[in-house]
Amino acid sequence: LPLCFPEKLWKMLESDQFRSIWWSEGGKCVAINKDLFKVEVLGRGICQRVFNTRDIKSVIRQLNLYGFTKVQRDSQRSASLPEFLSEEAAASAHSQILYYYNPSFNRAHPWLLATCKRR
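Keep in mind the model is a prediction, meaning the values are calculated, not measured.

S.K.: Hey, could you run me through the side chain of Ser-24 in this one?
M.R.: Looking at the secondary structure, you find Ser-24 in strand S1 (residues 21–24). Classification of Ser-24 by relative accessible area gives buried; the value is 10%. Not counting the four nearest positions on each side in its chain, Ser-24 is found in contact with Cys-29, Ala-31 and Tyr-99.

Here it is, written out as structure tokens:
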């Protein structure tokens, strides 16, 4: 049987093969470097393809269908202009990283994966 989307995602996260996707927040969130993911995962040839798409929007749609929610990265902002500008530059580079959370998708609790169903 082919793996469902959450199972494929889990295998990718547990594999050393991908640098564009990793566990975040102590194994509670999925972090995706959007640009690298497009090249490394979605840019593969047909024989090596993980998902049946080449479009990041389709992957995000699947995340949403399986109950994942996008998590915003909150950070405290500095009051001084130079510090604020340097933080903005770092945040801009950081904006390529997408974070998704699903209470049934937790590295410490692999048995919950079975409860991760499509809506």
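Resuming the write-up.
S.K.: Help me out: how do you make sense of unusual backbone geometry in this one?
M.R.: Most peptide bonds take the trans form, and the phi angle of most residues other than glycine is negative. A positive phi angle, close to 50 degrees, is found at Glu-25, a residue other than glycine. Mapped onto the elements, Glu-25 comes out in the loop between S1 and strand S2 (29–33).

S.K.: Got a minute to help me understand helix H3 (residues 56–65) in this structure?
M.R.: In an α-helix, one full turn covers 3.6 residues, which means residues spaced three or four apart are oriented alike. For H3, the complete set of buried residues consists of Ile-56, Ser-58, Val-59 and Leu-63. One face of H3 carries all of its buried residues, which in axial projection span an arc of 160 degrees. If you follow the buried residues of H3, they end up packed against helix H1 (5–14), S2, helix H2 (34–40) and strand S4 (97–101). The N-cap of H3, judged by a side-chain oxygen 3.1 Å from the amide nitrogen of Lys-57 a few residues on, is Asp-55. Gly-67, located one to two residues past H3, shows a positive phi value of around 85 degrees.

S.K.: Where do I start with the sheet that holds S1 in this structure?
M.R.: What links the strands of a sheet is backbone hydrogen bonding, and the strands pair in either a parallel or an antiparallel sense. Read across the open sheet, the 4 strands follow the order S1-S2-S4-S3; overall the sheet is antiparallel. Two strands bound the open sheet, and with one partner strand each, they are S1 and strand S3 (69–70). Note that S3 and S4 share 2 bridges and pair antiparallel. Opposite Thr-69, over in S4, you have Tyr-101 as the bridge partner. Across the face of the sheet, H1 comes into contact with S1 and S2 while running at roughly 85 degrees to S1.

S.K.: Just to check I follow, could you spell out the environment of Leu-36 for this structure?
M.R.: Along the polypeptide, Leu-36 turns up in helix H2. Looking at Leu-36, the relative accessible area reads 23%, which means it is partly exposed. For Leu-36 and Phe-18, which are 18 residues apart along the polypeptide, the C-alpha to C-alpha distance reads 9.5 Å. Discounting residues that sit within four places of it in the chain, Leu-36 has contacts with Arg-19, Ser-20 and Val-41.

Procedures and definitions
Residues numbered from 1 in each chain as written. Predicted model: local features only at pLDDT ≥ 70, side-chain atom pairs only at ≥ 80, totals over all residues. Heavy atoms only, no water. Helix = DSSP H or I, 4+ residues; strand = E, 2+ residues; numbered from the N terminus. Buried < 20%, exposed > 50% of the residue type's maximum accessible area, 1.4 Å probe, protein only. Contact = heavy atoms within 4.5 Å. Arc of directions from axis to C-beta. Polar contact = N/O pair within 3.5 Å; in protein donor to acceptor, adjacent residues only side chain to side chain. Pairing = 2+ DSSP bridges. Axes fitted to C-alpha atoms, helices over the stretch in contact; angles between N-to-C directions.

None of the figures reported here should be taken as evidence of function without further support.
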